[in-house]
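The residues making up each chain are set out below.
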Amino acid sequence: MANMDRRKFLILSGLSGAALALKGQPAALAEKLTKEEKKMAYTAKDYAKLIGMKGFSEALLKNHFTLYQGYVTNSNKVLDIIDQMVKDGKTATPEFAELKRRLGWEFNGMRLHEYYFENLGGKAELKKDGKLGKKLAESFGSVENWEKDFRGTGASWIALYQDLTNGRLINFWINEHDVGHPAGCNLVLVMDVFEHAFMLDYGLKRADYIESFFKNIDWAAAEARLK
Ligand SMILES: [Fe+2]
């Protein structure tokens, strides 16, 4: 199954595999959750202000928001079921192990989309003499080199990270979004390059989508993430 189809399937079907074996439990679990646990549940953020952004149709963005909301729902669901399984002494089970694996998938699906939507909607160009512009030039030789490297990086998610040990900026290819993130690094700019992020508007013209992404980067938001 292609990446997009598999993800759509997983989202539309709710939790698969081990979690499906626990179907029916989440509602009952909600009753058992303490007030503190309920308070810590994740809420999907509203990115409707991005609608109207040049190069992104309303239909594409709305589909993408729905996909993101699915990750938020499932992150909460997986965390709730895990909590309950710990309380019930069921940690030495394949279902528990599968849910722990699944948590990274759902959580990063939620968080990466938040970074992505939040580094979009910008109108101004990158200031080459600003903090981020200078750091990019320092790390890659020039902003142009960084851009070539970024555009050429991988196929699913492209993530500009700052290594906190020396401040260096590095573009990482994130193939499956729960793996491949560099330890001890800070996410600065992320681009979703999964098919669902562009196919509705661009078909197979991935490079044209990347062009539109670049025109809409919120550089100030990315710069604010630098440590
Ligand atoms: Fe996405």
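Please refer to the structure higher up on the page.
Everything numeric in this text was worked out from a predicted model, so none of it was measured.

Peer 1: Would you mind showing me how to read the overall build of the chain here?
Peer 2: Scanning the chain for helices and strands turns up eleven helices and three strands. For the chain, the α and β elements follow one another from N to C terminus as α-α-α-α-α-α-α-α-β-β-β-α-α-α. Sorting the 227 residues of the chain into buried and exposed places 45% on the buried side. Contacts spanning at least 24 positions in sequence make up 70% of the contacts within the chain whose residues lie at least 6 apart. In the form shown here, the chain has an accessible surface area of approximately 11,800 Å², with 55% of it arising from carbon and sulfur atoms.

Peer 1: I tried to follow the coordination of the iron ion on my own but got confused; where do I start?
Peer 2: Under perfect tetrahedral coordination by four donors, a metal shows angles of 109.5 degrees; under perfect octahedral coordination by six donors, it shows angles of 90 or 180 degrees. Protein coordination of the iron ion is provided by His64 (NE2), His113 (NE2), Asp192 (OD) and His196 (NE2), with donor distances spanning 1.9 to 2.1 Å. Around the iron ion, the four donor atoms are arranged such that angles at the metal cover 86 to 142°; this shape is classified as irregular. Considered as a linear motif, the donors of the iron ion on their single chain read H-x48-H-x78-D-x3-H. Taken together, the residues His113 in helix α6 (residues 94-118) and Asp192 in strand β3 (residues 185-192) connect sequence positions 79 residues apart. Classification of His113 by relative accessible area gives buried; the value is 1%. The buried category is assigned to Asp192, whose relative accessible area is 0%.

Peer 1: How should the pattern of salt bridges be read in this particular structure?
Peer 2: A side chain of one charge can pair with a side chain of the opposite charge if their charged atoms are brought near each other. Scanning all chains against the criterion turns up nine salt bridges. Note that Glu58 is salt-bridged to Lys62, the shortest N-O span being 2.7 Å. Of the two residues, Glu58 and Lys62 both sit in helix α5 (residues 58-87), four residues apart, roughly one turn of that helix. Look at Glu58 and you get partly exposed, because its relative accessible area is 41%. Note that Arg151 is salt-bridged to Glu211, the shortest N-O span being 3.0 Å.

Peer 1: What is the right way to look at the nonpolar core in this model?
Peer 2: By size, the foremost hydrophobic cluster in this structure holds 50 residues, and its most contacted members are Tyr116, Tyr209 and Phe213. Residues in contact with Phe213, not counting those within four places in the same chain, are Phe56, Tyr116, Asn119, Leu120, Phe150, Leu189, Val190 and Met191. Core analysis: the second largest hydrophobic core is formed by seven residues, Val78, Ile81, Ile82 and Phe96 among them.

Peer 1: Honestly, the packing of aromatic side chains in this entry has me stumped. Any pointers?
Peer 2: Centre distance and the angle of the planes are the two values used to describe a pair of aromatic rings. Tallied over the full model, the rule gives 18 aromatic pairs. With centroids separated by 5.9 Å and ring planes inclined at 70°, the aromatic side chains of Phe56 and Tyr209 adopt a geometry described as edge-to-face. Of this pair, Phe56 sits in the loop between α4 (35-39) and α5 while Tyr209 sits in helix α10 (residues 206-215), and the two are 153 residues apart along the sequence. Judged on exposure class, the residue Phe56 and its partner Tyr209 are both buried. Ring centres 5.8 Å apart and planes at 80° place the aromatic pair Phe150 and Phe214 in the edge-to-face group. Within this pair, whereas Phe150 is found in helix α8 (residues 143-151), its partner Phe214 is found in helix α10, the two being separated by 64 residues in sequence. The pair formed by Phe150 and Phe214 is uniform in burial state, with each residue classed as buried. The ring centre of Phe214 lies 4.3 Å from the NZ or CZ of Arg151, which sits over that ring.

Peer 1: Any chance you could explain the side chain of His64 here in plain terms?
Peer 2: The residue His64 is located in helix α5 in this model. Among the residues examined, His64 registers a relative accessible area of 1% and is labelled buried.

Peer 1: Before we go on, may I ask you to explain α6 in this structure?
Peer 2: Its 25 residues give α6 an end-to-end C-alpha distance of 36 Å, which sits within 8% of 36 Å, the value for a rise of 1.5 Å per residue. For α6, the principal kink sits at Arg102 and spans about 25°.

Peer 1: Just checking my understanding: could you explain the packing of α8 against α10 for this structure?
Peer 2: Helix-helix packing is characterised by the crossing angle of the two axes and by the distance between the axes. α10 packs onto α8 with a crossing angle of 135° between their chain directions and a minimal axis gap of 12 Å. On the basis of their axis angle, the class for α8 and α10 is oblique. α8 and α10 meet at a crossing whose hand is right-handed. From α8, Trp146, Glu147, Phe150 and Arg151 reach across to α10, where they touch Ile210, Glu211, Phe213 and Phe214. Its residues assigned to classes, the contact of α8 with α10 comprises five nonpolar, no polar and three charged.

The rules we used
- Residues numbered from 1 in each chain as written.
- Predicted model: local features only at pLDDT ≥ 70, side-chain atom pairs only at ≥ 80, totals over all residues.
- Heavy atoms only, no water.
- Helix = DSSP H or I, 4+ residues; strand = E, 2+ residues; numbered from the N terminus.
- Buried < 20%, exposed > 50% of the residue type's maximum accessible area, 1.4 Å probe, protein only.
- Contact = heavy atoms within 4.5 Å.
- Areas by Shrake-Rupley, 256 points an atom, 1.4 Å probe, with all protein chains shown as cover.
- Donors = N, O, S within 2.8 Å, 3.2 Å for Na, K, Ca; no water.
- Tetrahedral: all angles 85-135°; square planar, octahedral: opposite > 155°, others 65-115°.
- Salt bridge = Lys/Arg side-chain N within 4 Å of Asp/Glu carboxyl O.
- Core = buried A, V, L, I, M, F, W, Y, C linked by side-chain atoms within 4.5 Å.
- Phe/Tyr/Trp six-rings, centres within 6.5 Å; stacked < 30°, edge-to-face > 60°.
- Lys NZ or Arg CZ within 6 Å of the ring centre and 35° of its normal.
- Expected span 1.5 Å × (residues − 1).
- Bend = angle between axes of the 7 residues up to and from the residue.
- Axes fitted to C-alpha atoms, helices over the stretch in contact; angles between N-to-C directions.
- Parallel < 35°, antiparallel > 145°, perpendicular 65-115°, else oblique.
- Left-handed = near helix turned anticlockwise from the far one by under 90°.
- Nonpolar A, V, L, I, M, F, W, Y, C, P; charged D, E, K, R; others polar.

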